[in-house]
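Coordinate analysis (summary)
Letter by letter, the chains look like this.
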Amino acid sequence: MTTQPSRPQFGPAPNARAHLPRRLRGILSLNDFEAAARRTLPRPIFGYLQGGVEDNVTLQANHAAFRQWLFRTSVLVDVSGRSQATTLMGERYRAPFGIAPMGLCALFAFEGDLVLARAAEAAGIPFVLSGASLTRLEDVARAAPTCGWFQAYIPGEPAHIEGLVQRVAQAGFRTLVVTVDTATLANRENNVRVGFSTPLRPGPRLAWDGLVRPRWLVGTLARTLLERGMPHFENAGAGRGVPIISRSVVRQFGLRDHLQWEHLALIRRQWKGRLVVKGVISAADVERAGQAGADGVILSNHGGRQLDGTVPPLRVLQEAARVKGGMALMLDSGVRRGTDVLKALALGADHVFVGRPMAYAAAVGGQAGVAHAIGLLQDEIHRDMALLGVSSLAELHPAHLIPA
Ligand SMILES: Cc1cc2nc3c(=O)[nH]c(=O)nc-3n(C[C@H](O)[C@H](O)[C@H](O)COP(=O)(O)O)c2cc1C
């Protein structure tokens with residue numbers, strides 16, 4: 001037993017959040033960002049970001065999955081030196097979570113991808129740039145030289161794979177995430193209902209949706225058009241894709257329903273950096289990813305945006321942990337709380353990713369908003385580790401959990 005020098009703990013002071021921009025002061029948890037983003041973003045854009053697929057069975061199950069586990073705590077253990085720093089695929093990160101890849105972030109906030117990348121870089125957590133993003137991947141690589149990962153959808157034609165892989169490597173990314181749960185486009189009825197499409201079609205409805213969100217109209221759309229020009233899909237392949245607003249252009253998604261594990265093996269042969277497979281949801285596929293030479297997998301159901309009724313990743317985590325071999329095992333879909341992060345790590349995850357709340361945070365508060373979101377989750381993990389009775393993440397174990 002060691003005697004600690006006195007380390008006073010202060011409770012929440014009345015002005016504890018005075019340093020935050022006014023818009024962020026009432027945001028006490030990641031969940032609080034959603035309502036604020038709804039007030040900030042035009043209806044079609046918020047709808048695209050928030051939406052799931054069909055009846056939202058998976059979207060709801062993702063959140064319920066974390067509630068199906070409850071903690072067994074250890075008390076009177078010295079947790080004064082606790083740390084949430086972690087090593088993942090040979091890199092050191094300051095927290096066990098990162099920002100999941102999301103398309104179109106430059107529509108949520110001015111320079112949205114850069115805002116997310118810079119906030120992650122400053123906090124020492126990974127940020128995954130989406131292959132459906134509107135910012136040139138080379139610019140994001142500069143903004144997040146140590147924490148930037150790139151996510152690609154496998155181009156349907158093998159000839160296009162090489163060009164993309166070369167471009168990502170030349171930009172300086174060291175981790176390539178290949179998303180594999182998109183054999184075809186999902187049935188996002190929600191997008192139709194809210195008037196969202198890619199490209200967005202200009203018209204009276206879109207104009208009205210923008211006019212009733214003047215802060216977004218001026219601060220994000222007008223500023224982007226003036227300073228950066230019309231956003232395009234920049235990173236779907238080796239070259240530039242279609243613009244985000246157009247009356248007539250049709251976005252070609254390319255056929256992906258013929259892709260197989262051999263295509264992943266082809267990428268493995270060309271990509272010399274770390275390779276992560278995102279969107280697997282079964283132990284059998286985790287094993288196949290390992291056989292194809294992946295360095296890691298992200299268990300994910302795309303945040304409930306692909307096949308409705310897919311099992312939440314948390315439910316398959318333990319079976320995946322048994323077969324992961326030397327791969328890093330990661331998870332996303334529904335992570336909102338420090339307790340969610342600790343539950344996932346206790347069940348075998350090495351790292352988790354958060355999607356929507358980070359985009360909401362960018363919409364509400366730009367880089368300060370994302371920094372606030374990251375800080376909230378870090379604070380929760382730090383507090384929860386103490387209450388749970390662990391000093392390092394390596395101590396987390398299934399024995400910390402009991403089914404609800
Ligand atoms: C608006 C939006 C766009 C997304 N775009 C992509 C994408 O381009 N590539 C990808 O692999 N996953 C994409 N995803 C899925 C996320 O990477 C992640 O799996 C999911 O958001 C995690 O669930 P959560 O939002 O509940 O945290 C997207 C998710 C959202 C909400």
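Just above, that's the structure.
Description of the structure in this document. None of these values were measured; they are calculated from a predicted model. (Residues numbered from 1 in each chain as written. Predicted model: local features only at pLDDT ≥ 70, side-chain atom pairs only at ≥ 80, totals over all residues. Heavy atoms only, no water.)

Counting its regular elements, the chain contains 15 helices and twelve strands. Relative to a compact globule of 404 residues, whose C-alpha radius of gyration would be 22 Å, the chain shows 21 Å and is just as compact. Expressed as lengths along the three principal axes of its C-alpha atoms, the size of the chain is roughly 70 × 55 × 40 Å. Put simply, the chain has 404 residues, and 53% of those count as buried. When contacts within the chain are restricted to residue pairs at least 6 apart in sequence, long-range pairs at least 24 apart make up 74% of them. (Helix = DSSP H or I, 4+ residues; strand = E, 2+ residues; numbered from the N terminus. Rg over C-alpha atoms; globule rule 2.2 N^0.38 Å. Buried < 20%, exposed > 50% of the residue type's maximum accessible area, 1.4 Å probe, protein only. Contact = heavy atoms within 4.5 Å.)

A word on the pattern of salt bridges. In total, this model carries 14 salt bridges according to the counting rule given. A salt bridge links Arg136 to Glu138; its shortest N-O distance comes to 3.3 Å. Judged by its relative accessible area of 17%, Glu138 is buried. Put simply, Arg142 and Asp139 hold a salt bridge, and the shortest N to O gap is 2.7 Å. Residue Arg142 and its partner Asp139 are located together in helix α6 (residues 137–143), separated by three residues, close to a single helical turn. (Salt bridge = Lys/Arg side-chain N within 4 Å of Asp/Glu carboxyl O.)

Between its first and last C-alpha atoms helix α7 (residues 158–171) spans 21 Å; for 14 residues at 1.5 Å apiece the expected length is 20 Å, and the two agree. Within α7, the full set of buried residues consists of Ile161, Leu164, Val165, Arg167 and Val168. Taken end-on, α7 shows its buried residues confined to a sector of 160°, consistent with a single buried face. Exposed and facing more than 90 degrees away from the buried side of α7 are Ala159 and Gln170. Those residues of α7 hidden inside the fold are in contact with α6, β6 (148–153), β7 (175–179) and α11 (261–270). Backbone geometry just after α7 places Gly172 at a positive phi near 105°. (Expected span 1.5 Å × (residues − 1). Arc of directions from axis to C-beta.)

Spanning 33 residues, helix α15 (residues 356–388) covers only 27 Å between terminal C-alpha atoms, well under the ideal 48 Å at 1.5 Å per step. A maximum bend of about 135° is found in α15 at Gly365. One or two positions beyond α15, positive phi appears at Gly389, with a value near 95°. (Bend = angle between axes of the 7 residues up to and from the residue.)

So, about a nonpolar patch on the surface. Taken together, the side chains of Trp208, Leu211 and Val212 present a nonpolar region at the surface, about 320 Å² in accessible area. Tracing the backbone shows Leu211 in helix α9 (residues 204–211). Since its relative accessible area comes to 53%, Leu211 is described here as exposed. (Patch = residues over 30% accessible without salt bridge, like charges linked within 9 Å, V, L, I, M, F, W, Y side chains within 5 Å. Areas by Shrake-Rupley, 256 points an atom, 1.4 Å probe, with all protein chains shown as cover.)

Here Thr224 lies in helix α10 (residues 214–228). Among the residues examined, Thr224 registers a relative accessible area of 7% and is labelled buried.

For the second largest pocket, the calculated volume is near 870 Å³. For the second largest pocket, the lining is made up of 25 residues, of which Phe10, Gly11, Pro12, Asp379 and Arg383 are closest to its centre. Residue classes in the lining of the second largest pocket are distributed as ten nonpolar, eight polar and seven charged. (1 Å grid on protein atoms, 1.4 Å probe; cavity = no way out; pocket = protein on both sides within 12 Å on 5 of 7 lines; lining within 4 Å. Points joined across faces, edges and corners; volume = space filled by probe spheres on them. Nonpolar A, V, L, I, M, F, W, Y, C, P; charged D, E, K, R; others polar.)

Inspection of every chain in the model, using the stated rule, returns five aromatic pairs. Relative to Tyr360, the ring of Phe46 lies with its centre 5.8 Å away and its plane at 25°, an arrangement referred to as stacked. Pair noted here: Phe46 is in helix α2 (residues 43–50) and Tyr360 is in helix α15, with a separation of 314 residues, a long-range link. Look at Phe46 and you get buried, because its relative accessible area is 4%. Summarising the aromatic geometry, the rings of Phe150 and Phe173 are spaced 5.8 Å apart at their centres and angled 50° between planes, so their arrangement reads as tilted. Of this pair, Phe150 sits in strand β6 while Phe173 sits in the loop between α7 and β7, and the two are 23 residues apart along the sequence. (Phe/Tyr/Trp six-rings, centres within 6.5 Å; stacked < 30°, edge-to-face > 60°.)

Another point: the site of the ligand. As a structural note, the neighbourhood of the ligand is formed by 23 residues, with Pro101, Ser130, Tyr153, Thr179 and Asp332 the closest of them. Tyr153 is positioned such that a nitrogen or oxygen atom in its side chain is 2.8 Å from a nitrogen atom of the ligand. His302 is positioned such that a nitrogen or oxygen atom in its side chain is 3.3 Å from a nitrogen atom of the ligand. For the shell around the ligand, the secondary-structure elements that each account for two or more residues are α2 and β6. Across the shell around the ligand, the residue classes tally to eight nonpolar, ten polar and five charged. (Near = heavy atom within 4 Å. Polar contact = N/O pair within 3.5 Å; in protein donor to acceptor, adjacent residues only side chain to side chain.)

Moving on, we come to the packing of α7 against α11. For the pair α7 and α11, the least separation of the axes is 10 Å and the interaxial angle reads 35°. When you trace α7 past α11, the crossing you get is right-handed. Here Pro158, Ile161, Glu162 and Val165 of α7 lie close against α11, whose contacting residues are His263, Leu266, Ile267 and Gln270. Here the contact of α7 with α11 is built from residues that sort into five nonpolar, two polar and one charged. (Axes fitted to C-alpha atoms, helices over the stretch in contact; angles between N-to-C directions. Left-handed = near helix turned anticlockwise from the far one by under 90°.)

Applying the stated criterion across every chain yields a total of one cavity of 30 Å³ or more. Its boundaries defined by the atoms lining it, the largest cavity holds a volume of some 50 Å³. In terms of lining, the largest cavity is formed by Ala152, Tyr153, Ile154, Pro155, Ile161, Leu164, Val165, Val168, Leu176, Val178 and Ile267. It is α7 that provides the largest number of residues to the lining of the largest cavity, a total of four residues. Looking at side-chain class alone, the lining of the largest cavity contains eleven nonpolar, no polar and no charged residues.

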